[in-house]
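# Residue-level structure breakdown
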Amino acid sequence: GHRVMVSNAIAQRLPEVFENPDKFDPSRWDAFNIAKLPKYSFIGFGAGIHTCMGESFAFMQVRTILSVILSTYELELITPFP
């Protein structure tokens, strides 16, 4: 048999899938639609039958952490909004 490995570090930087993959551009996620990408091109939590069992738990944790931070602390910008 053969071993097949996938690297997220490489897969998320394919120029034929992601425009300017090596440029830091947080706004690229503003209108992100995973349905427009080729199948299995975004594998943050795996894909197909090998999807991470903790994906929904991870998203719930992020929402919980953000709600605690936003309700506990008063955040303010220290530089003008870009």
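This text follows the structure it describes.
The structure contained in this document is the topic of the report that follows. (Residues numbered from 1 in each chain as written. Predicted model: local features only at pLDDT ≥ 70, side-chain atom pairs only at ≥ 80, totals over all residues. Heavy atoms only, no water.)

### Focus: the overall build of the chain
For clarity, the threshold we go by: Put simply, DSSP marks the helices as runs of H or I at least four residues long and the strands as runs of E at least two long, and each gets a number from the N terminus on. For this measure, only C-alpha atoms enter the radius of gyration; the expected value for a globule follows 2.2 Å times N^0.38, where N is the number of residues. Residue exposure (1.4 Å probe, protein chains only): buried if accessible area is under 20% of the type maximum, exposed if over 50%, otherwise partly exposed. Here, two residues are considered to be in contact whenever any of their heavy atoms come within 4.5 Å of each other. Accessible surface area values rest on a Shrake-Rupley calculation with a 1.4 Å probe, where residue burial reflects the displayed protein chains alone. Counted as positive: Lys and Arg. Counted as negative: Asp and Glu, with His and the chain ends omitted from the count. Note on charges: their place is set at NZ of Lys, CZ of Arg, CG of Asp or CD of Glu.
Helices and strands together make up the secondary structure of the chain, namely two helices and zero strands. Here the chain has a C-alpha radius of gyration of 17 Å; the compact-globule value for 82 residues is 12 Å, and the former is much larger. Here the chain holds 82 residues, and 7% of them are scored as buried. Expressed as a percentage of contacts within the chain between residues at least 6 apart in sequence, the contacts between residues at least 24 apart total 31%. Accessible surface, the chain as shown: approximately 7800 Å² in total, 63% of it carbon and sulfur. Charged side chains in the chain number 7 positive and 8 negative. The centres of these two groups are separated by 11 Å.

### Section: a nonpolar patch on the surface
Worth spelling out the cut-off: Think of a patch as exposed residues, more than 30% relative accessible area, with no salt bridge, where like charges cluster within 9 Å and nonpolar side chains (Val, Leu, Ile, Met, Phe, Trp, Tyr) cluster within 5 Å. A side-chain nitrogen of Lys or Arg and a carboxyl oxygen of Asp or Glu constitute a salt bridge if their distance falls within 4 Å.
There is a patch of nonpolar side chains on the surface, built from Val-62, Ile-65, Leu-66, Ile-69, Leu-70, Tyr-73 and Leu-75 and spanning about 700 Å² of accessible area. Along the polypeptide, Ile-65 turns up in helix 2 (residues 55–72). The exposure class assigned to Ile-65 is partly exposed, which follows from its relative accessible area of 47%.

### Points about the pattern of salt bridges
Scanning the entire structure with this criterion turns up one salt bridge. Close ionic contact of Arg-13 with Asp-22 constitutes a salt bridge, the shortest N to O distance being 3.4 Å. In this structure Arg-13 comes out as partly exposed when scored by relative accessible area, which is 45%.

Taken by themselves, the reported measurements are silent on function.
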